[in-house]
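Next come the chains, spelled out residue by residue.
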Amino acid sequence: MVDLKGQYEHIKDEVNTSVIDVIESTAFINGPKVHEFQKNLENYLGVKHVIPCANGTDALQIAMMGLGLKPGDEVITADFTFAATVEVIALLGLTPVLVDVDPDTFNINVEAIKKAITSKTKAIVPVHLFGQCADMDEIMDLANTYNLYVIEDNAQAIGASYLSKSGKKQKAGTIGHVASTSFFPSKNLGCYGDGGAIFTNNDELAHQIRGIVNHGMYVRYHHDVVGVNSRLDSIQAVILNTKLSRLDAYNKARQSAAKKYNEAFKNEPRIKTPVTNRSCDGICADCDCHVFHQYTLKIKDVDRDALATHLNENGIPCGVYYPIPLHRQKAYQDSRYNEADFPVTNQLISEVISLPMHTELDDEQIDYITSKVKEFINA
Ligand SMILES: *Cc1c(COP(=O)(O)O)cnc(C)c1O
């Protein structure tokens, strides 16, 4: 699904040199390189504060701790996402409230959020799934009306932009009150291990969070709040510095692959190619509203699982993200949920299939992949 080795070959000298420099310096944790990456990412995103941490799941949890959410508070998020999002809500004793998604963008459905808001609702967690932003204009409007926090789960859309109705363009993860991201190797900005970060424009919240990631310490050996140990190491930071300077080019390569896939499938009535949200009218030269963390098709009137098997048998990796809705997972079942509330997620789980998507895909690979998909669909 990804070609990390091919990507590494292009940046090998820079990465190897900077990793050895870190080892020679012995500043392994929170050293100057982590600070440098933090500043570089703040500049890239146009956000006041980036707080690096150990992974994207921690980043979400710490964001919620920083906001002071308390057991019993309800947090609304999407039913169709990776489990990390709902896991940290549950771990903190908060009440996850899962809602349905949009059939075109796969992102959280604003009408469904509206219906789920109660007097206990304290936050909304939109997940910018597969590389494009949820409907942030509407979500921020709702949050203002009901006095809710918005925590963007930006693990899959780093580098994407959101064009709001007012014409303002902002980077994903800088629109809500706070955001989290992951630098897991296969993400659009991935390191060579685990890593994550929290973003916010709020000085007070940033201060709070900087203490939480460091055992609740604001003054050495004074623990004012219950914190965690969640750090980014310097080796990951130098790799991220190298890759951040290429992130726009990496995302362009993904968009270019997506465009070629779209073209190959455009006359296939049983294949629905990804839809970009209304902030963009398609994949165009200078549009960055979708950065294709995944390239996900919807397959109609064909056995999706048999297609996956056919691709695998032809040496083509593919993935089903996500095969089971969160509301049906054993750990997150709740009597509040009715199957009738999740018509879209319940359908998507049998239709979606994600094709290989990374920075190193060439035309020959794309031709081979698309021909094998079409061969099966039209058999
Ligand atoms: C990857 C991912 C996470 C978790 O990130 P880790 O670094 O693996 O902890 C959280 N949310 C979403 C949507 C993700 O895709």
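Here is a short report on the structure shown in this document. (Residues numbered from 1 in each chain as written. Predicted model: local features only at pLDDT ≥ 70, side-chain atom pairs only at ≥ 80, totals over all residues. Heavy atoms only, no water.)

**Looking at the packing of helix H9 (residues 247-265) against helix H12 (residues 363-377)**
Piece 1. In contact at an axis separation of 10 Å, H9 and H12 are set at 35 degrees when each is read in the N-to-C sense. Crossing geometry of H9 relative to H12 is assigned as right-handed. Of H12, the residues touching H9 (which contributes Ala257, Lys260, Tyr261, Ala264 and Phe265) are Asp363, Ile366, Ile369, Thr370, Val373 and Lys374.
Piece 2. Class assignment of the residues belonging to the contact of H9 with H12 gives a composition of 7 nonpolar, 1 polar and 3 charged. (Axes fitted to C-alpha atoms, helices over the stretch in contact; angles between N-to-C directions. Helix = DSSP H or I, 4+ residues; strand = E, 2+ residues; numbered from the N terminus. Left-handed = near helix turned anticlockwise from the far one by under 90°. Contact = heavy atoms within 4.5 Å. Nonpolar A, V, L, I, M, F, W, Y, C, P; charged D, E, K, R; others polar.)

**Quick notes on the site of the ligand**
Piece 1. Inspection of the region around the ligand gives 13 residues, with Gly56, Thr57, Asp153, Ser182 and Lys187 positioned closest.
Piece 2. A distance of 2.7 Å separates an oxygen atom of the ligand from a polar atom in the backbone of Gly56.
Piece 3. Gln156 is positioned such that a nitrogen or oxygen atom in its side chain is 2.8 Å from an oxygen atom of the ligand.
Piece 4. Elements with a minimum of two residues in the shell around the ligand: helix H3 (56-66) and helix H4 (84-91).
Piece 5. Split by residue class, the shell around the ligand holds 4 nonpolar, 7 polar and 2 charged. (Near = heavy atom within 4 Å. Polar contact = N/O pair within 3.5 Å; in protein donor to acceptor, adjacent residues only side chain to side chain.)

**Describing the nonpolar core**
Piece 1. If you look at the biggest cluster of nonpolar residues, it comprises 37 residues, and the most contacted ones within it are Ile76, Phe80, Ile108, Ile113 and Ile139.
Piece 2. Those elements that provide at least two residues to this core are strand S2 (74-78), strand S3 (95-99), helix H5 (110-116), helix H6 (136-146) and helix H11 (343-351).
Piece 3. Counting only domains with at least three residues in this core, you end up with domain 1 (4-99 + 106-244) and domain 2 (247-377).
Piece 4. Among residues more than four places away in sequence, those in contact with Ile139 are Ile108, Val110, Ile113, Ile124, Pro126, Ala134 and Val150.
Piece 5. In terms of nonpolar packing, the next biggest core, distinct from the first, is built from 25 residues, Leu67, Ile89, Ile198 and Ile212 among them. (Core = buried A, V, L, I, M, F, W, Y, C linked by side-chain atoms within 4.5 Å. Buried < 20%, exposed > 50% of the residue type's maximum accessible area, 1.4 Å probe, protein only. Domains from an automatic or database assignment.)

**Remarks on helix H2 (residues 32-45)**
Helical geometry: 3.6 residues make up each α-helical turn, so side chains three or four residues apart lie on a common side.
Piece 1. For H2, spanning 14 residues, the distance from its first C-alpha to its last is 20 Å, which sits close to the expected 20 Å at 1.5 Å a residue.
Piece 2. Of the positions making up H2, those classed as buried are Val34, Phe37, Gln38, Leu41, Glu42, Tyr44 and Leu45. Take H2 and look down its axis: the buried residues cluster within an arc of 165 degrees, on one side only. Away from its buried face, by an angle of more than 90 degrees, H2 presents the exposed residues Pro32 and Asn43.
Piece 3. Buried residues belonging to H2 abut strand S1 (49-53), strand S7 (169-171), strand S9 (196-200), helix H7 (203-212), helix H8 (234-244) and H9.
Piece 4. Looking at the residues trailing H2, positive phi occurs at Gly46, about 70 degrees. (Expected span 1.5 Å × (residues − 1). Arc of directions from axis to C-beta.)

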